[in-house]
Amino acid sequence: MDIGNKNIAITIDDDSGIPIWLQLRNRLIYLITSGQFMVGDRLPTVRELAVELGINYNTVSKVYQDIERDGFIVSYRGKGTFVSNRYLEHAGAAANETDSLVDDFIRQCHELGIPRQDIVGLVKRRLG
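It should be emphasised that the depicted structure is a prediction, and the values quoted were computed from it without experimental measurement. (Residues numbered from 1 in each chain as written. Predicted model: local features only at pLDDT ≥ 70, side-chain atom pairs only at ≥ 80, totals over all residues. Heavy atoms only, no water.)

## Concerning the pairing of strand 4 (residues 73-76)
Pairing geometry for strand 4 and strand 5 (residues 80-83), over four bridges, is antiparallel. Across the sheet, the residue bridging to S75 is T81, located in strand 5. Here strand 4 folds back onto strand 5 in antiparallel fashion, the turn holding three residues, of which G78 has a positive phi close to 80 degrees. (Pairing = 2+ DSSP bridges. Helix = DSSP H or I, 4+ residues; strand = E, 2+ residues; numbered from the N terminus.)

Now the structure itself:
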């Protein structure tokens, strides 16, 4: 999929056990907050993204509505959907959630007796 001048892959894993809409939502938010999608970049239409991913139109529409409500994108009738800068007002919250998740993982590793220097190796091995 081409966004701005970038070719970005979005994939859906039907076997992950995570609902498709949540996978798409999380991936789009990650691409925006990581800077891979820049403020002002035009996103594919709901129909284009549904066809490309092979998922239901209503699923993509629900995700777009959800992330628009959260300030990540803005839609203009007849012009398209674009990455918004409104999410930056709450950017610290996403970082805090990620930090909290990592902190929990590290704490659980320590509780299992895994030495600090082995934690990075565990993650790298799982990422494959």
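## Topic: helix 2 (residues 46-53)
Note on helix geometry: an α-helix contains 3.6 residues per turn, so any two residues three or four positions apart are oriented the same way. Those residues of helix 2 not exposed but buried are V46, L49, A50 and L53. All buried residues of helix 2 project into a common sector of 100 degrees when viewed along the axis, lining one side. Opposite the buried face of helix 2, at more than 90 degrees from it, the exposed residues are R47 and V51. Buried residues along helix 2 sit in contact with helix 1 (20-33) and helix 3 (57-69). (Buried < 20%, exposed > 50% of the residue type's maximum accessible area, 1.4 Å probe, protein only. Arc of directions from axis to C-beta. Contact = heavy atoms within 4.5 Å.)

## Focus: the side chain of R25
Structurally, R25 can be placed in helix 1. Given a relative accessible area of 17%, R25 falls into the buried group. Of note is the side chain of R25, whose polar atom sits 2.2 Å from the side chain of D66. Each residue touching R25, except ones within four places of it in the same chain, is listed here: V63, D66, I67 and D70. (Polar contact = N/O pair within 3.5 Å; in protein donor to acceptor, adjacent residues only side chain to side chain.)

## Some points on the packing of aromatic side chains
Scanning the entire structure with this criterion turns up one aromatic pair. Where Y76 meets F82, the ring centres are 6.1 Å apart and the plane angle is 50 degrees; that geometry is what we call tilted. The ring of W21 carries the charged tip of K62 above its face, separated from the ring centre by 4.3 Å. (Phe/Tyr/Trp six-rings, centres within 6.5 Å; stacked < 30°, edge-to-face > 60°. Lys NZ or Arg CZ within 6 Å of the ring centre and 35° of its normal.)

## Some details on the sheet that holds strand 4
Each strand in a sheet pairs with another by means of backbone hydrogen bonds, the pair being arranged parallel or else antiparallel. Across the sheet, three strands lie side by side as 3-5-4; this open sheet has antiparallel pairing. Edge positions in the open sheet fall to strand 3 (42-43) and strand 4, since each of these has one partner strand only. Pairing of strand 3 with strand 5 involves two bridges; the strand directions are antiparallel. Within the sheet, the bridge partner assigned to L43 lies in strand 5 and is T81.

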